[in-house]
Amino acid sequence: MKAIVVTDQAAGTAGMTLAERPEPQAAINDVVVGVHASGFTSGELTWPSTWTDRLDRDRTPSIPGQELAGVVTALGYGTRGLSAGQRVFGLTDSYRDGGLAEYVAIEARNLAPLPGDVDFTVGASLPMPGLTAWQGLFEHGRLQAGQSVLAHGAAGSVGSMVTQLAREAGAYVIGTGRAADRQKALDFGAQEFVDLDDDTLADVGGVDLVFDVIGGDIQKRSAGLIRAGGTLVTVAGPPEARPADGLAVDFVVESDRAQLGEIVQRVRDGRLRANIGNVATLDDAVAALNPTERISGQTIIRVRP
Ligand SMILES: NC(=O)c1ccc[n+]([C@@H]2O[C@H](COP(=O)([O-])OP(=O)(O)OC[C@H]3O[C@@H](n4cnc5c(N)ncnc54)[C@H](OP(=O)(O)O)[C@@H]3O)[C@@H](O)[C@H]2O)c1
């Protein structure tokens, strides 16, 4: 089968190549999915799980692209809950090969049914940002209606989901990002916007929850804005700062069938909008994932037409 592979961590996305790889087999509890569309998160090539297995052995060449949508083509021994021919979407285990390929083997529990009225391209764009936002806001951040959320990178993949889900939950959302993204963040539902280059972050006053996707100095400055009892939630690695009287939580997203169902239902009924900036074929994926100009929103690879 055709797949995008990486072998050299130092090369970053420039080291991606289109290669021929063996078709994966379904292990116990797995399904094989014929991939229709898949998404890639910029941080994947920095995560150790892309390069080594759980015993720290080299697992290259690896196939990146953790989020995908497609059709089940085979079931492994003992696999329950999904059928051959079923439309599915979900998030692969980061230690296994991903979805930038014609086929992927994935544990059935990491997938949810994809309703027939949701396009594969949209389905592939939801698992990573949707689950990250859901788990960060509701499981780790314990968001309540009436609280305020500082949503960093609010026009980006994760940030636009954070903004929409927090608004729906009854929060007041202050989005941040580049000056050029102000209108996009407001369109996703942010009630205020802070341009991180030109506005003063401290002017937002106190917030109950910071959802950090950037880290570094911006994370440190944000921690100081958190009210007593509030939470800094970050997906940019171990927190470098803590609120004076609150929690700091970093986490790595996990697939969750029930949460995928909640997310896709919101897309169907219009409460949630995908944030797709570019769609390319698998043949053009290396170029599309190495853009020469800034793309706002996700790049989705349409593996089958
Ligand atoms: N731990 C986990 O489970 C997990 C899950 C998902 C994602 N992540 C990580 O979360 C991060 C965000 O992912 P994403 O897919 O949402 O990326 P994304 O789509 O690129 O969104 C990030 C947004 O933040 C903006 N931004 C970044 N640095 C900024 C700065 N210094 N000032 C102003 N704006 C800035 C970006 O603008 P520009 O494009 O102009 O930089 C972009 O709009 C990545 O590092 C990813 O690896 C972690």
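Before reading further, recall that the structure is shown in the block above.
Bear in mind the structure is a predicted one, so any value in this text is a computation, not a measurement.

Trainee: Can you help me understand the packing of aromatic side chains in this one?
Mentor: Each aromatic ring pair is specified by the distance between its two centres and by the angle formed by the two planes. Inspection of the entire model under this criterion finds one aromatic pair. Ring geometry for Trp134 and Phe138: centres 5.0 Å apart, planes at 80 degrees, overall edge-to-face. Of the two residues, Trp134 and Phe138 are both situated in helix H2 (residues 127-140); the distance of four residues between them amounts to about one turn of the helix. Above the face of the Phe120 ring, Arg87 is positioned so that its terminal group lies 4.2 Å from the ring centre. Over the face of the ring belonging to Tyr103 we find Arg304, whose NZ or CZ atom lies 4.8 Å from the ring centre.

Trainee: Before we go on, may I ask you to explain the pairing of strand E3 (residues 30-39) in this structure?
Mentor: Each regular strand carries side chains that alternate between the two faces of the sheet. Burial of E3 is extensive: ten of the ten residues sit out of reach of the surface. Relative to strand E6 (residues 103-107), E3 is paired through five bridges, and the arrangement is antiparallel. The partner of Val31 across the bridge, within E6, is Ile106. Note that E3 and strand E15 (residues 298-302) share three bridges and pair antiparallel. Residue pairing in the sheet places Gly39 in a bridge with Ile300 of E15.

Trainee: I keep staring at the site of the ligand and nothing clicks. Help me out?
Mentor: For the ligand, the set of nearby residues contains 21 residues, the closest of which are Ser157, Val158, Arg178, Val253 and Arg294. Between an oxygen atom of the ligand and a main-chain N or O atom of Ser157, the distance comes to 2.9 Å. At 3.4 Å, a backbone N or O of Val235 approaches a nitrogen atom of the ligand. Coverage of the ligand by the protein amounts to 78% of the 920 Å² it exposes when considered alone. For the ligand, the cavity whose grid points lie within 2 Å of the majority of its atoms is the largest pocket.

Thresholds, definitions, all that
- Residues numbered from 1 in each chain as written.
- Predicted model: local features only at pLDDT ≥ 70, side-chain atom pairs only at ≥ 80, totals over all residues.
- Heavy atoms only, no water.
- Phe/Tyr/Trp six-rings, centres within 6.5 Å; stacked < 30°, edge-to-face > 60°.
- Helix = DSSP H or I, 4+ residues; strand = E, 2+ residues; numbered from the N terminus.
- Lys NZ or Arg CZ within 6 Å of the ring centre and 35° of its normal.
- Buried < 20%, exposed > 50% of the residue type's maximum accessible area, 1.4 Å probe, protein only.
- Pairing = 2+ DSSP bridges.
- Near = heavy atom within 4 Å.
- Polar contact = N/O pair within 3.5 Å; in protein donor to acceptor, adjacent residues only side chain to side chain.
- Areas by Shrake-Rupley, 256 points an atom, 1.4 Å probe, with all protein chains shown as cover.
- 1 Å grid on protein atoms, 1.4 Å probe; cavity = no way out; pocket = protein on both sides within 12 Å on 5 of 7 lines; lining within 4 Å.
- Sits in = over half its atoms within 2 Å of the grid points.

None of this, on its own, says anything about what the molecule does.
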